[in-house]
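Close look at the chain arrangement
One-letter residues, chain by chain:
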Amino acid sequence: MLSVLSYFMVFHRLDVKALHTWDEALFANRAFYLAFHGEYFTSWQEVDFCEIPHPNTKPPLIGFFQAISFKMLGYNRLALRLPIALLGILTGLGLLIFAKKWSSGYTVGILATVILFSAFGYNHWHVLRTGDHDAALAFWLLGSIVFFWLYRFGKHKNLNLVLFFVFTACAILTKSIMGFLMLPGIGLYALFFMPLKPLLKNPAFYAGFGLMALLVILFYGSMEMKHPGFLQLVWDKEIGGRYTTSIDHHEGPWYFYIDYLTGKGFKPFWILSLIGAWFGIRSTNTALRHASIMLSICVLTYLITISAAQTKLIWYAAPLYPLMALLAAMGMVSVSEKWLYLLAEKLRLKSQSIWLVYLLFLASPIYKIIDRNLTESTEYVFERYELALERLHETHPEISQIKVHTRNSLWYPNLIFVANKFSKIYGVEINLVKPTDRLMAGDLVFGSYHERMERYNLTLIEQYGAKGDIRLWRVDSLKRPE
């Protein structure tokens, strides 16, 4: 049942929506460049069809996975989004494994996975359902917490300690400074709730830390040597710039994330997270108690850290969802054990009947996600360009030259990806033209209508989409001299 739900909640119609015109398309261009050119670029001006004077400072780890996916599945949306969706599934599997370590069965893990996939803030654009890297960051950071806990309570302590550092390094190489943000919480847990001397005397601690430092230094050091000034750009664009100032007017009050999580992103599960933390911290089960303490501290410190930043975006909260899902599942089970099982005994019902209560509670969030996946479509006109161009290529494979009309001079990164894909993969010569660019007789022009096109005599060839507002014209002549 969990597998079926996971398919419909995570994978179903994963590629139906066009690339989102900003961050997802930026990641698509990075992965395309890695796959097609075999290189990591540091300036967007190195990318064909792109004119924006902006640096590229995002680490390439997940981009490599997406580039491999492009090579295997083709340069399409499914190939871009599938690695992220698979990491989401691995995150659910991590919840199952982690919960099983300190509980007698899989109930908490199953509930946590379903809650995670039902959470609007997690199973949505920019996290699980697109090619952005926030779900990947959430996976690595969950893994770092799990392996640190396993160092304390599991077998193979040295291996788990090294894996804690490896997963932290992967988080850093996924989203730069964001990969460090669980370390304060883990550090506070270690300082107050475990003996530090054995940890600090363990050679595996220094081996793991050295390996993490090596992986991070190899990337950033090599980039600085190859492109002097790269580290300063990372500071300006990824660290100091975003934390101390608001980027692109993405700002909000100190309670921005609390308001989002309780109002939409993790509604109604956040209440259960508080209940789970309360019961978990008071549990007589030592392993469960320490898992609850560490999860609670990590949620609190991460939330405080991102709330203090001047740049605020809802997807910065992505790493919180797996941790809060575990606490919420613990809250559901704790309430059941305290009251529902007693009620079931009095009514002479089997203990398995409690699952009906779980299913009734989760039915509405599950339905909303599945219904969204079944019905979602692309609304923004410049994102629908991609879908219409694909249709054009299917119906008119003979067209080898086309001009894509962007209506204005703004930079649309989804069109940069489409232009690179059509020109390098399909062999179609594409030009991105602005309203001020001159068209010539015989040009095939694709896009939505703009008043500057009134200067030309046009022949309509095709209309695309349900709205018919994206069209293919042939320029016949200029109506009047310029």
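See the structure above.
Summarised in this report is the structure supplied together with it. The structure presented is a predicted model; accordingly, all values stated were derived computationally and were not measured. The residue numbers shown here count from 1 along each chain, following its written sequence. Local features in this predicted model are restricted to residues of pLDDT 70 or higher, and side-chain atom pairs are both shown and tallied only at a pLDDT of 80 or more, whereas totals for entire chains, interfaces and linings draw on every residue. Side-chain figures throughout are based on the complete set of non-hydrogen atoms in the structure, without hydrogens or water.

A separate point is the packing of aromatic side chains. In summary, the pairing rule links any two rings of Phe, Tyr or Trp, Trp by its six-membered ring, whose centres are within 6.5 Å, and it sorts them by plane angle into stacked for under 30 degrees, edge-to-face for over 60 and tilted for everything else. Following the criterion strictly, the structure yields 40 aromatic pairs and no others. Look at Phe 147 and Phe 167: their rings are 5.0 Å apart centre to centre, the planes differ by 55°, and that puts the pair in the tilted class. Of this pair, Phe 147 sits in helix α6 (residues 134-153) while Phe 167 sits in helix α7 (residues 157-175), placing them 20 residues apart in sequence. One exposure class covers both Phe 147 and Phe 167, and it is buried. Summarising the aromatic geometry, the rings of Tyr 449 and Trp 473 are spaced 5.9 Å apart at their centres and angled 65° between planes, so their arrangement reads as edge-to-face. Within this pair, whereas Tyr 449 is found in the loop between β3 (444-447) and β4 (456-464), its partner Trp 473 is found in strand β5 (residues 470-478), the two being separated by 24 residues in sequence. What makes Tyr 449 partly exposed here is its relative accessible area of 36%. Secondary structure elements follow DSSP: runs of H or I of four or more residues count as helices, runs of E of two or more count as strands, with numbering from the N terminus. For every residue, the accessible area (1.4 Å probe, protein chains only) is compared with the maximum for its type, and the residue is labelled buried under 20%, exposed over 50%, or partly exposed between those bounds.

Here we take up the state of the cysteines. For this text, the term disulfide refers to a pair of cysteine sulfurs within 2.5 Å. As enumerated under the stated definition, the model contains 0 disulfides in all. Free of any disulfide, Cys 298 has its nearest cysteine sulfur in Cys 170, 18 Å distant. Here Cys 298 falls in the buried class, since its relative accessible area comes to 0%.

This paragraph deals with the sheet that holds β4. Two strands form a pair only when DSSP identifies at least two bridges running between them. Strand order across the open sheet formed by 5 strands is β2-β1-β3-β5-β4, with mixed pairing between neighbours. Sheet topology places β2 (429-433) and β4 at the edges, where each strand pairs with a single neighbour. Between one strand axis and the next, the sheet turns by 30° as a mean value, whatever way the strands run. Lines fitted to C-alpha atoms define the axes here, with helix axes fitted over just the stretch in contact, and angles between the N-to-C directions of these axes take values from 0 to 180 degrees.

Moving on, we get to the pattern of salt bridges. Throughout this description, the term salt bridge denotes a Lys or Arg side-chain nitrogen within 4 Å of a carboxyl oxygen of Asp or Glu. Summed over all chains, the structure comprises 14 salt bridges. For Glu 379, the salt bridge is made with Lys 467, and the minimal N-O distance between the two is 3.5 Å. With Glu 379 in the loop between α16 (354-375) and α17 (381-395) and Lys 467 in the loop between β4 and β5, this residue pair connects regions lying 88 residues apart in the sequence. With a relative accessible area of 54%, Lys 467 lands in the exposed category. The network of salt bridges with shared partners includes Arg 77, Glu 386, Glu 390 and Lys 421.

Within soluble globular proteins, side chains that are nonpolar tend to cluster in buried spots. With 120 residues, the main nonpolar core has Trp 102, Phe 148 and Phe 266 as its most contacted residues. Top element by residues in this core is α6. It accounts for 14 residues. If we skip the residues at most four places from it in the chain, Phe 148 touches Leu 161, Phe 164, Ile 186, Tyr 189, Ala 190, Met 194, Leu 199 and Met 294. Residues enter a nonpolar core if they are buried and are Ala, Val, Leu, Ile, Met, Phe, Trp, Tyr or Cys, with the set joined through side-chain atoms within 4.5 Å. By size, the runner-up hydrophobic cluster in this structure holds 21 residues, among which are Phe 382, Leu 392, Phe 422 and Leu 472. It only takes one pair of heavy atoms within 4.5 Å for two residues to be counted as in contact.

Locating His 20 in the fold gives a position in the loop between α1 (2-11) and α2 (23-37). Judged by relative accessible area, His 20 falls into the buried class, the value being 15%. Apart from the residues lying within four places of it in its own chain, the contact partners of His 20 are Ala 25, Trp 125, Thr 130 and Glu 383.

In contact at an axis separation of 8 Å, helix α8 (residues 183-193) and helix α14 (residues 286-308) are set at 135° when each is read in the N-to-C sense. The angle between α8 and α14 places the two elements in the oblique class. Relative to α14, the crossing made by α8 is right-handed. Each of Pro 184, Gly 185, Ile 186, Leu 188, Tyr 189 and Phe 193 in α8 lies in contact with α14, whose residues at this interface are His 290, Ile 293, Met 294, Ile 297, Cys 298 and Thr 301. Each residue gets one label: Ala, Val, Leu, Ile, Met, Phe, Trp, Tyr, Cys and Pro are nonpolar, Asp, Glu, Lys and Arg are charged, and the others, such as Gly, are polar. Taken together, the residues that form the contact of α8 with α14 break down as 9 nonpolar, 3 polar and no charged. Geometric relationships in this document are graded by angle, where less than 35 degrees denotes roughly parallel, more than 145 denotes roughly antiparallel, 65 to 115 denotes roughly perpendicular, and other angles denote oblique. Crossings are assigned a handedness: left-handed for a near helix turned anticlockwise from the far helix by less than a right angle, right-handed for a clockwise turn.

Looking now at the environment of Tyr 7. With respect to the helices, strands and loops of the structure, Tyr 7 is situated in helix α1. Expressed as a C-alpha distance, the spacing of Tyr 7 and Ile 370, which sit 363 residues apart in the sequence, is 9.7 Å.

Inspection of the secondary structure puts Leu 392 in helix α17. Given a relative accessible area of 4%, Leu 392 falls into the buried group. In sequence terms Leu 392 and Asp 48 are 344 residues apart; their C-alpha atoms lie 22 Å from each other. Ignoring any residue separated from it by four or fewer positions in sequence, one finds Leu 392 in contact with Pro 397, Ile 399, Ile 402, Phe 446, Tyr 464 and Leu 472.

Within the secondary structure, Thr 378 sits in the loop between α16 and α17. A residue is classified by how much of its surface remains accessible, and Thr 378, at 9% relative accessible area, is buried. In the analysis that follows, any N or O atom pair within 3.5 Å is treated as a polar contact, provided that within protein one partner can donate a hydrogen and the other can accept it, and provided that, for residues neighboring in sequence, both atoms belong to side chains. Within polar-contact distance, the side chain of Thr 378 engages the backbone nitrogen of Ala 18 at 2.9 Å. Not counting residues within four places of it along the chain, the set of residues in contact with Thr 378 comprises Val 16, Lys 17, Ala 18, Glu 383, Arg 384 and Leu 387.

Remember, this is a structural readout, not a statement about activity or role.
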